[in-house]
Amino acid sequence: MSGNYTPLGLTVPGECAGMRLDQALARLLPEYSRNRLQEWVEQGLVKLDGAPATVKQKVWGGETLEVTPQPHPAEQPHQPEDIALNVVFEDDSLLVLNKPAGLVVHPGSGNWQGTLLNALLHHAPQLSGVPRAGIVHRLDKDTSGLLVIAKTLIAQTALVRQLQARTARREYYALVHGEVARAGKVDAPISRHPTQRTRMAVVEGGKAAVTHYVIAERFPGCTLLRCRLETGRTHQIRVHLAAIHHPLVGDRTYLSGVHKCPPALRAIFAAFPRQALHAAQLGLEHPVTGERMEWRAPLPEDMAQLLEEIRSASHESA
């Protein structure tokens, strides 16, 4: 676990007497965060008087410490990993994928490995020379569907410009609670939630965000929508639909309150393990040829099965 990193030899000073070990370490090694120091202790990378230590262990001064620093995953180059990809289209400039639900797009806290980025570096090693391995937009972990990857710097610049100019077309299927009366548009700025930092919210002064929606299929108690993004803010569809009181089925983050639905659907909704959102269509201009291109991805098996269960339950209760 310690790799080739040289251990640091330290002595606990008298002024640390009575402190917990992690408190003393924070005093001795201020260049590292308390969380990282605690992780090292829990990983067995800190020895107190030659023995493995615990975070809450008391120190009294004079003890010897051996600390073997480890780099944080965020500071390390991302590693290629042999993860299967569903490739819809590929040429020298572009890679279009149908991402399964459950796959994280970019490494981050708690998900430093096993991501789409790691898979891309294995599939196309030249992507190590493109920022973010060519990723120009993202899908949430539990959202399925189409993503485009730029394989060159030229393609990346062109795709980013299309996204900024809102000329790239992105459409999603979204199954929402409640019976939506008619097609519409949500034009509401989005930013980080003011108190719940893992969530986004409609916030005055946030970044402009526009979502268009039309009705694809109606059911008693829920509606299948087809949503088109003008902008691409984090959690945009999820936040916007929750803001108009039609949160996505299965979205535990933005599903608040009780939504009336036929009793026959309650168990079906409760069993669906993710937000019912799928990126079904992607259209853009090829960054080299200028040709307008478009791809479609059918509903994944879990959402198709969910809709069949809803249709069956709705028919039986009619």
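Each chain carries its own residue numbering, running from 1 in the direction its sequence is written. Local features are withheld for residues below a pLDDT of 70 in this predicted model, meaning they are given only at 70 or higher, and side-chain atom pairs are given and counted only at 80 or more; totals for whole chains, interfaces and linings count all residues. Excluded from the side-chain calculation are hydrogens and water; included are all heavy atoms of the structure.

Some details on the overall build of the protein chain
To be explicit about the condition: Helix numbers and strand numbers start at the N terminus; a helix is a DSSP run of H or I with at least 4 residues, a strand a run of E with at least 2. All radius of gyration figures rest on C-alpha atoms, and the globule criterion is 2.2 Å times the number of residues raised to 0.38. Relative accessible area decides the class of each residue, using a 1.4 Å probe on protein chains only: under 20% of the type maximum gives buried, over 50% gives exposed, and in between gives partly exposed. Any two residues whose heavy atoms approach within 4.5 Å at even a single point are treated as in contact. Positive residues here are Lys and Arg, negative ones are Asp and Glu, while His and the chain termini are left out of the count. Just so you know, the charge point we use is NZ for Lys, CZ for Arg, CG for Asp and CD for Glu.
Looking only at helices and strands, the protein chain features 7 helices and 15 strands. The globule rule puts the C-alpha radius of gyration for 318 residues at 20 Å, and the 25 Å found for the protein chain is more than 25% above it. Along the three orthogonal principal directions, the C-alpha set of the protein chain runs to about 75 × 50 × 40 Å. Put simply, the protein chain has 318 residues, and 44% of those count as buried. Taking the contacts inside the protein chain whose residues are at least 6 apart along the sequence as the reference set, 64% of them involve residues at least 24 apart. For the protein chain, the separation between the mean place of its 34 positive charges and that of its 31 negative charges on side chains is 7 Å.

Some details on the packing of helix α1 (residues 21–28) against helix α2 (residues 34–42)
As a reminder, the rule being used: Note on geometry: axes are C-alpha line fits, over the in-contact stretch for helices, and angles between N-to-C directions span 0 to 180 degrees. Reported orientations rely on four angle classes, namely roughly parallel under 35 degrees, roughly antiparallel over 145, roughly perpendicular from 65 to 115, and oblique for the rest. Each crossing gets its handedness from the near helix: less than a right angle anticlockwise from the far helix is left-handed, clockwise is right-handed.
Following both chains from N to C, one finds α1 and α2 inclined at 125 degrees, their axes separated by 9 Å at the closest point. When the axes of α1 and α2 are compared, the pair comes out oblique. Here the hand of the crossing between α1 and α2 comes out right-handed. Together, L21, D22, Q23, L25 and A26 of α1 and R34, L37, Q38 and V41 of α2 make up the contact between the two elements.

Some details on the sheet that holds strand β1 (residues 8–11)
Just so we agree on the cut-off: At least two DSSP bridges between two strands are needed for those strands to be called paired.
Here 4 strands make up an open sheet; going across it, the order is β1-β4-β2-β3 and the pairing antiparallel. Here the strands that pair on one side only, and so sit at the sheet edges, are β1 and β3 (51–52). Across 2 bridges, strand β2 (residues 46–48) lies against β3 in antiparallel orientation. Considered in β3, the bridge of L48 is made with A51. Here α1 sits on the sheet in contact with β1, β2 and β4 (64–67), set at roughly 75 degrees to β4.

Let's talk about the nonpolar core
Heads up, the condition is: Among the buried residues, those of types Ala, Val, Leu, Ile, Met, Phe, Trp, Tyr and Cys that are joined through side-chain atoms within 4.5 Å form a nonpolar core.
Of all hydrophobic cores here, the largest spans 31 residues; its most connected members are L120, L127, Y172, C227 and L241. Put simply, the parts of the chain that give this core at least two residues each are β6 (94–99), α3 (116–123), β7 (144–150), β8 (169–177), β13 (222–229), α5 (236–243) and β14 (277–285). Looking at this core element by element, the count peaks at 4 residues for α3. In contact with C227, not counting residues within four places along its chain, are R170, E171, Y172, A174, T211, H212, Y213, I237 and L241. In terms of nonpolar packing, the next biggest core, distinct from the first, is built from 18 residues, V12, V46, L48 and V59 among them.

Things to note about the packing of aromatic side chains
Stated formally: Between the rings of Phe, Tyr and Trp (Trp by its six-membered ring), a pair exists once the centres lie within 6.5 Å; its type follows the angle of the planes, with under 30 degrees stacked, over 60 edge-to-face, and the other angles tilted.
Under the defined criterion, the tally for this structure stands at 2 aromatic pairs. On the numbers, 4.8 Å between centres and 65 degrees between planes, the contact of Y32 with W40 is edge-to-face. Residue W40 is classed as buried on the basis of its relative accessible area of 2%.

Concerning unusual backbone geometry
Even without being a glycine, R132 presents a positive backbone phi close to 55 degrees. Along the chain, the position of R132 falls in the loop between α3 and β7.

Overview of the pattern of salt bridges
Applicable threshold: Should a side-chain nitrogen of Lys or Arg be within 4 Å of a carboxyl oxygen of Asp or Glu, the pair is scored as a salt bridge.
Counted under the stated rule, the structure contains 12 salt bridges. Between R238 and D251 there is a salt bridge, with its nearest N and O atoms 2.8 Å apart. Residue R238 is found in helix α5, and its partner D251 is found in the loop between α5 and α6 (263–271); the two are separated by 13 residues along the sequence. With respect to class, R238 is no different from D251; both count as buried. With a shortest N-O distance of 2.7 Å, D302 and R274 are connected by a salt bridge.

Here's the deal with the environment of L163
Summarising the element assignment, L163 is placed in helix α4 (residues 153–165). Every residue in contact with L163, bar those within four places of it in the chain, is listed here: V136, H137, A168 and R170.

Considerations on α5
Within α5, 6 of the 8 residues are buried, which leaves the element mostly enclosed by the surrounding structure. Considered for burial, the residues of α5 that qualify are Q236, I237, R238, V239, H240 and L241.

What to know about the environment of Q38
For Q38, the location among the structural elements is in helix α2. Each C-alpha atom, one on Q38 and one on L21, is 8.9 Å from the other, the two residues being 17 residues apart in sequence. Setting aside chain neighbours within four positions, we find Q38 in contact with R20, D22 and V55.

Focus: the environment of P52
Within the secondary structure, P52 sits in strand β3. Separated by 10 residues in sequence, P52 and E42 place their C-alpha atoms 9.1 Å apart. Filtering out sequence-adjacent residues up to four positions away, P52 remains in contact with V46, K47 and Q57.

Fair warning: the whole summary comes from geometry, so function is off the table for now.
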